[in-house]
Amino acid sequence: MQRQGRIAAVLGPTNTGKTHYAIERMLAHRTGVIGLPLRLLAREVYDRIVALRGPRVVALVTGEERIVPDSAQYWVCTVEAMPTGMGCDFLAVDEIQLCADPERGHVFTDRLLNARGLHETLFLGSDTMKGAIAALVPGVQFMRRERFSELSYTGSKKLSRMVTRAAIVGFSVDNVYAIAELLRRQRGGAAVVMGALSPRTRNAQVELYQNGDVDYLVATDAIGMGLNLDIRHVAFSGLRKFDGRKMRALAPNELAQIAGRAGRHTEPGTFGVTGEASPLEDEVVEAITSHRFRPVGKLFWRNSRLEFGSVGRLLASLEAPAEGEWLTRAREADDVMALKAISGQEDVAGRIRGARDVQLLWDVCCVPDFRGISHAEHASLLTRIFEFLHDLGRVPDDWMARQVKRLDRTDGDIDTLSKRLAYIRTWTFVAQRSSWVDDETHWRGATRAVEDRLSDALHERLTQRFVDRRTSVLLRRLKQKEGLVADVNDKGEVTVEGQFVGRLEGFRFRQDASATPDEAKTLRQAAVAALRPEFHLRADRFYNAPDTEFDFTEQGGLMWGDQAIGKLVKGAEPLKPVAEAFVDEEAGPEVMQKVQRRLQHFIDRKVATLFEPLLAMSRDEAITGLARGFAFRLVEALGVLPRAEVADDVKALDQESRGLLRKHGVRFGQFTIFQQLLLKPAPTRLRLVLWGLASDHAEFHESPPPGLVTIPAVEAAPREYYTNSGYRLAGARAIRIDMLERLADMLRQQDSRGGFEATADMLSITGMTLDQFADLMEGLGYAAEKGERVKVKQAAAEGGTPDAPAEVPGDAPSEAPEAPVETPAETPAEAPVEAPSEAPADAPVELPDSPAEASAEADAPEMEVFYTFTWAPRRRQGPKGPRREGGGRPQGQGKPRGKGGPKGKGGPKGPRNDKPKSFSSKPERKEKQIDPDNPFAQALMGLKGNS
């Protein structure tokens with residue numbers, strides 16, 4: 001284009017407002033065109049001008065996008081797509097230093113040499129281009145612009161310590177993804193910006209960063225090309241890049257172009273390195289901060305005056321050598337390689353008959369290789385397009401539709417969607433070419449719609465993978481120092497600012513287990529800040545809640561409804577346990593104290609209610625002397641005390657002392673001394689917990705089911721467990737102590753020396769079979785001798801079975817009426833108490849050898865099993881000499897005989913009398929009143945009467 005008007009070069013580092021100046025100058029003219037290095041930047045500038053002048057006068061032309069209103073005055077383009085020969089009043093080319101780029105430099109050099117505005121031309125770029133522009137553009141004016149803000153170097157920093165509002169630059173897709181993933185785990189996420197992204201995806205990602213959803217941007221060197229973002233720090237994760245041919249180190253001016261994105265307008269910026277990148281050398285840092293770089297010495301050039309007479313002449317013109325010291329021929333580009341590959345095919349060569357065919361072939365070869373698969377595959381696709389255009393004059397609609405439909409899918413991961421986006425860009429480019437399709441408007445809209453859908457899907461996948469919205473939202477609100485709003489639903493689920501962060505269990509926060517360790521700190525910080533008001537409100541509700549909402553577990557836990565709120569720990573006395581609250585430290589000491597006091601009130605009242613008889617006895621000032629000491633022993637034992645442990649103390653109590661204790665419900669039994677009311681299920685359950693605390697048990701024993709007369713023995717359970725449960729172990733089962741005392745009353749009426757059998761009342765009161773009862777009696781110190789005899793059938797008139805158990809009056813210690821007597825699992829309820837000694841039903845039957853034997857067998861009497869019980873306690877050595885196992889000696893008719901008995905060594909040899917006799921030479925004494933609660937009372941009274 002012939003030069004007309006003013007030509008100026010506006011040079012300087014980044015953040016000098018060069019692009020903004022160019023837009024102002026263009027809008028000062030009636031028409032204008034501006035060329036930009038990236039499609040992304042072109043879209044950004046287009047949006048800015050549309051906001052100022054409206055969409056009806058602004059056109060956007062890139063390789064894949066074309067928006068041209070009928071009244072277009074201002075054209076925003078990529079440098080490659082800039083229209084030539086339009087005669088606009090104003091023309092500008094941004095980032096003119098790309099003339100030195102090996103891949104695209106020849107395009108920028110051509111615009112530098114040939115593109116001019118009628119009234120004004122601007123070239124924008126780095127100071128390194130000053131010498132080249134001065135030599136190649138006569139009459140150019142130079143304008144130096146200084147950076148608005150200071151740029152400084154901060155050295156190396158770990159990603160985990162990266163400052164906020166930072167951009168981390170990588171030079172490969174894998175590197176970008178790895179950094180973004182690490183930032184998601186540690187800092188809530190990052191936005192991703194790459195040159196390969198569509199403008200729609202890039203803008204959506206940038207919006208995440210700009211609006212504060214994330215504080216980090218991970219990008220390729222594409223951000224160095226004029227993208228205006230709010231970046232305070234730029235960190236290089238590497239210092240080498242693949243330039244399309246080889247890996248090479250970045251030059252200082254390239255590093256400066258990227259680092260210069262830090263600091264917007266007057267805000268200072270910083271740059272540094274991170275990850276595996278080594279610290280920058282001092283000379284490089286000095287060059288970047290002072291904006292002094294080696295001037296550009298060579299510009300890449302390719303002949304733009306092409307000859308289309310033949311393929312050979314076209315190739316010759318493309319490979320024409322550069323002239324002058326400033327220009328060097330560009331390396332072979334993709335379009336030239338495609339031309340050579342396609343023109344050598346016989347089918348294509350046969351179709352080329354003139355300059356028009358050659359130009360058509362060249363236009364097809366200029367379709368960029370967006371897919372980046374291989375040169376051969378790209379050449380194959382271009383060959384097919386050329387054949388359609390040559391033979392049909394267009395790309396067929398049905399073939400085009402199949403290619404587009406194949407890509408119109410939004411499923412798949414990031415890589416899959418990225419490939420589809422790259423592929424659709426090919427068809428978007430084809431649709432933008434004039435006369436290549438029948439309905440340009442339709443196909444431009446169709447391909448753009450597919451690109452938009454894929455862009456939105458890619459943005460969604462990038463956000464899902466690299467942005468933890470929960471953490472990023474909470475971090476942003478914490479940073480703003482605003483009051484966070486927490487919501488706790490009826491399930492205890494906690495959401496902060498709409499983000500689920502965990503669950504509130506009582507006064508303890510359990511944060512979401514799906515959070516990574518890196519996210520946990522942020523979640524905890526946000527949740528605690530938001531839950532402080534909730535903790536106080538919940539503490540008030542808790543303190544005013546009635547006792548009916550609280551309970552304790554058999555392991556000493558304290559519950560508020562279904563939530564664990566604390567636990568019991570050992571106190572100074574067994575009846576004074578201490579409540580320990582489960583409250584997070586973050587709730588504050590006020591909440592902790594309030595919860596602690598309420599729990600202590602609950603357990604104190606629970607002990608006072610359930611152990612009221614015991615506490616009343618301990619407070620009775622009328623109980624003094626030995627009785628008071630005995631009462632103290634009973635309080636220490638929580639209301640149940642084996643008699644064998646305090647036998648001497650019991651003997652020492654006179655009747656008056658015993659009477660005082662009986663007023664408080666104390667029962668002096670043969671085996672146990674206890675308060676009847678404390679055998680109810682509720683006090684028993686609490687007594688086991690208090691015993692476990694006082695005994696420092698790591699795990700507490702569970703309370704037996706209420707209403708059972710006997711229970712199976714618990715493996716490895718200490719004897720104290722049965723005592724505190726209200727039972728006494730005897731054999732394979734344990735019997736409830738109050739029922740044991742009733743049984744003892746029955747046993748005292750029996751001849752324990754001569755032997756006796758179990759009565760129906762005995763079996764009924766225990767709910768046992770005869771065999772089980774025998775085992776129980778052995779556990780109580782009796783010998784059980786098994787025998788067999790002819791069964792005596794009761795007269796029909798009397799009805800029933802002699803051994804059938806009788807009903808036992810319900811005096812079981814339960815708050816409800818006593819449940820039916822327990823039926824052992826191994827004995828059906830309807831089975832007779834005494835199991836007949838018959839062979840099993842499935843045993844083999846022996847047939848009699850003769851009718852006589854059969855008759856004799858039929859007449860054989862029915863047999864029954866019985867047990868004879870005699871007092872035979874096992875002796876064990878105690879602190880004061882031998883003791884009998886099984887409690888005190890039974891008294892009554894079966895009193896054991898002394899040496900004068902039939903088995904004594906000095907006894908008479910004749911027949912003994914049925915009853916024992918005793919003689920004395922002392923005068924008769926006045927009889928002392930006998931304690932009716934004494935286990936030997938009735939037996940002694942009987943002996944007195946028979947002597």
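Remember, predicted model here, so these are calculated numbers, not experimental data. (Residues numbered from 1 in each chain as written. Predicted model: local features only at pLDDT ≥ 70, side-chain atom pairs only at ≥ 80, totals over all residues. Heavy atoms only, no water.)

A short note on the environment of Met592
Formally: Only DSSP runs of H or I with at least four residues qualify as helices, and only runs of E with at least two residues qualify as strands; both kinds are numbered from the N terminus onward.
Checked against the element boundaries, Met592 lands in helix α19 (residues 589-610). Taking the C-alpha atoms as reference points, Met592 and Ala581, separated by eleven residues in sequence, lie 7.2 Å from one another.

Here's the deal with the sheet that holds strand β13 (residues 233-236)
Under the convention used in this document: DSSP bridges decide pairing: two strands pair if at least two such bridges lie between them. Orientation is described by lines fitted to C-alpha atoms, with helices fitted over the stretch in contact, and by angles between N-to-C directions that extend from 0 to 180 degrees. By definition in these notes, contact holds between two residues if any of their heavy atoms fall within 4.5 Å.
Across the sheet, six strands lie side by side as β9-β16-β13-β10-β12-β11; this open sheet has parallel pairing. Strand pairing shows two members of the sheet lacking a second neighbour, β9 (151-156) and β11 (191-193), which therefore form its edges. Ignoring strand direction, the axes of neighbouring strands in this sheet form an average angle of 25 degrees. In terms of strand pairing, β9 meets strand β16 (residues 269-273) through four bridges, oriented parallel. Its bridge partner lying in β16, Ser152 is registered against Thr270. Along the sheet, helix α6 (residues 199-210) makes contact with β10 (166-169), β11 and β12 (216-219), crossing β11 at roughly 140 degrees.

Some words on the sheet that holds strand β5 (residues 74-78)
Picture the strands of a sheet paired through backbone hydrogen bonds; they go either parallel or antiparallel. Spatially, eight strands are ordered β4-β3-β5-β2-β6-β7-β1-β8 in an open sheet, and the strand pairing comes out mixed. The outermost strands of the open sheet, each flanked by one partner alone, are β4 (66-67) and β8 (141-144). Bridge count for strand β3 (residues 58-61) against β5 is four bridges, and the pairing is parallel. Paired with Ala59 across the bridge in β5 is Trp75. Along the sheet, helix α1 (residues 18-27) makes contact with β1 (6-11), β2 (32-36), β5, β6 (90-93), β7 (120-125) and β8, crossing β7 at roughly 170 degrees.

Looking at helix α5 (residues 173-187)
Stated precisely, the cut-off is as follows: Multiplying one less than the number of residues by 1.5 Å gives the expected span of a helix. Between buried and exposed lies partly exposed: a residue is buried under 20% and exposed over 50% of the maximum accessible area for its type, with that area taken using a 1.4 Å probe on protein chains only. Relevant arc is that of directions from the helix axis to the C-beta atoms, nothing else.
Under the 1.5 Å per step criterion, the end-to-end length of α5 is 20 Å for 15 residues, consistent within 8% with the ideal 21 Å. Within α5 the residues assigned to the buried category are Val176, Tyr177, Ile179, Ala180, Leu183 and Arg184. All buried residues of α5 project into a common sector of 165 degrees when viewed along the axis, lining one side.

A word on the packing of helix α2 (residues 39-53) against α6
We count it as follows: The labels follow the angle: roughly parallel below 35 degrees, roughly antiparallel above 145, roughly perpendicular from 65 to 115, and oblique for the rest.
Running from N to C, α2 and α6 point in directions that differ by 70 degrees, and their axes come no closer than 10 Å. It follows from the interaxial angle that α2 and α6 lie roughly perpendicular. Of the residues in α6, those touching α2 at Arg39, Leu40, Arg43 and Glu44 are Pro199, Arg202 and Asn203.

Side note on the pattern of salt bridges
This is how the line gets drawn: Here, a salt bridge means any Lys or Arg side-chain nitrogen found within 4 Å of an Asp or Glu carboxyl oxygen.
For the structure on display, the rule yields 50 salt bridges. Its salt-bridge partner being Asp456, residue Arg200 comes within 2.7 Å of it at the nearest N-O pair. Of this pair, Arg200 sits in helix α6 while Asp456 is found in helix α16 (residues 440-466), placing the two residues 256 residues apart along the sequence. Exposure remark for Arg200: the relative accessible area of 39% places this residue in the partly exposed category. Residues participating in the shared-partner salt-bridge network are Arg39, Arg43, Asp47, Glu64, Glu65, Arg200, Arg425, Arg448, Glu451, Asp452 and Asp456.

Considerations on the nonpolar core
Quick reminder of the rule: Definition of nonpolar core: a set of buried residues of the types Ala, Val, Leu, Ile, Met, Phe, Trp, Tyr and Cys, connected through side-chain atoms within 4.5 Å.
Of all hydrophobic cores here, the largest spans 67 residues; its most connected members are Phe507, Leu575, Phe611, Met617, Phe630 and Leu661. The element that contributes the greatest number of residues to this core is α19, accounting for seven residues. In this structure Phe507 touches Phe535, Arg538, Ala539, Phe542, Trp560, Ile565, Phe582, Val583, Asp584, Val591 and Val595, once residues within four positions along its chain are discounted. Phe308, Val336, Ala338 and Trp443 belong to the second-largest nonpolar core, a separate cluster that totals 65 residues.

Let's talk about helix α10 (residues 334-343)
Asp335, Val336, Ala338, Leu339, Ile342 and Ser343 are the residues of α10 that are buried. For α10, the buried positions fall inside an angular range of 160 degrees around the axis, keeping them on one side. As for α10, its buried residues are in contact with α9 (311-318), α11 (346-351), α12 (355-365) and α13 (375-392).

Re the packing of aromatic side chains
Quick reminder of the rule: Two rings from Phe, Tyr or Trp (for Trp, the six-membered ring) form a pair when their centres sit within 6.5 Å of each other. Planes less than 30 degrees apart are called stacked, planes more than 60 degrees apart edge-to-face, and all others tilted. In this scheme, the term charge over a ring applies when either NZ of a lysine or CZ of an arginine sits within 6 Å of the ring centre and within 35 degrees of the ring normal.
By the definition in use, this model includes 17 aromatic pairs. Aromatic pair Tyr721 and Tyr722: ring centres 5.2 Å apart, planes at 65 degrees, arrangement edge-to-face. Seen in terms of ring centroids, Phe756 and Phe869 are 5.9 Å apart; in terms of plane orientation they differ by 45 degrees. Their pairing is tilted. With Phe756 in the loop between α26 (737-747) and α27 (760-766) and Phe869 in strand β34 (residues 863-871), this pair connects stretches of sequence that are 113 residues apart. Each of the two residues, Phe756 as well as Phe869, counts as buried. Three or more aromatic residues joined by ring pairs make a cluster, and in this case those are Phe756, Phe773, Tyr782, Tyr867, Phe869 and Trp871. The ring of Tyr209 has Arg165 sitting right over it, with the charged end atom 3.9 Å from the ring centre. In this structure, Arg658 is placed above the aromatic ring of Phe668, and the distance from its NZ or CZ to the ring centre is 5.5 Å.

Quick word on the packing of α19 against helix α20 (residues 612-619)
What counts here: Note that Gly is not counted as nonpolar here; it falls among the polar residues with everything else outside the nonpolar set of Ala, Val, Leu, Ile, Met, Phe, Trp, Tyr, Cys and Pro and the charged set of Asp, Glu, Lys and Arg.
Taken N-terminus to C-terminus, the directions of α19 and α20 make an angle of 85 degrees; their axes are 5 Å apart at the nearest point. When the axes of α19 and α20 are compared, the pair comes out roughly perpendicular. Between α19 and α20, the contacting residues are Val607, Ala608, Thr609 and Leu610 on the first element and Glu612, Pro613 and Leu615 on the second. Each residue belonging to the contact of α19 with α20 can be placed in one class, and the counts come to five nonpolar, one polar and one charged.

A few points about the pairing of strand β32 (residues 733-736)
Each regular strand displays side chains that alternate between the two surfaces of the sheet. Across three bridges, strand β30 (residues 710-712) lies against β32 in antiparallel orientation. Residue pairing across strands places Thr710 opposite Ile735, the latter belonging to β32. Pairing between strand β31 (residues 727-730) and β32: four bridges, direction antiparallel. Bridge assignment links Leu729 to a residue of β32, and that residue is Ala734.

What about the state of the cysteines?
The following threshold applies: Two cysteine sulfurs form a disulfide in these notes if their separation is within 2.5 Å.
With the rule as written, the count across this model stands at zero disulfides. With no disulfide of its own, Cys88 lies 8.7 Å from the sulfur of Cys77, the closest cysteine sulfur. On the basis of relative accessible area, Cys88 is assigned to the buried category, the value being 7%.

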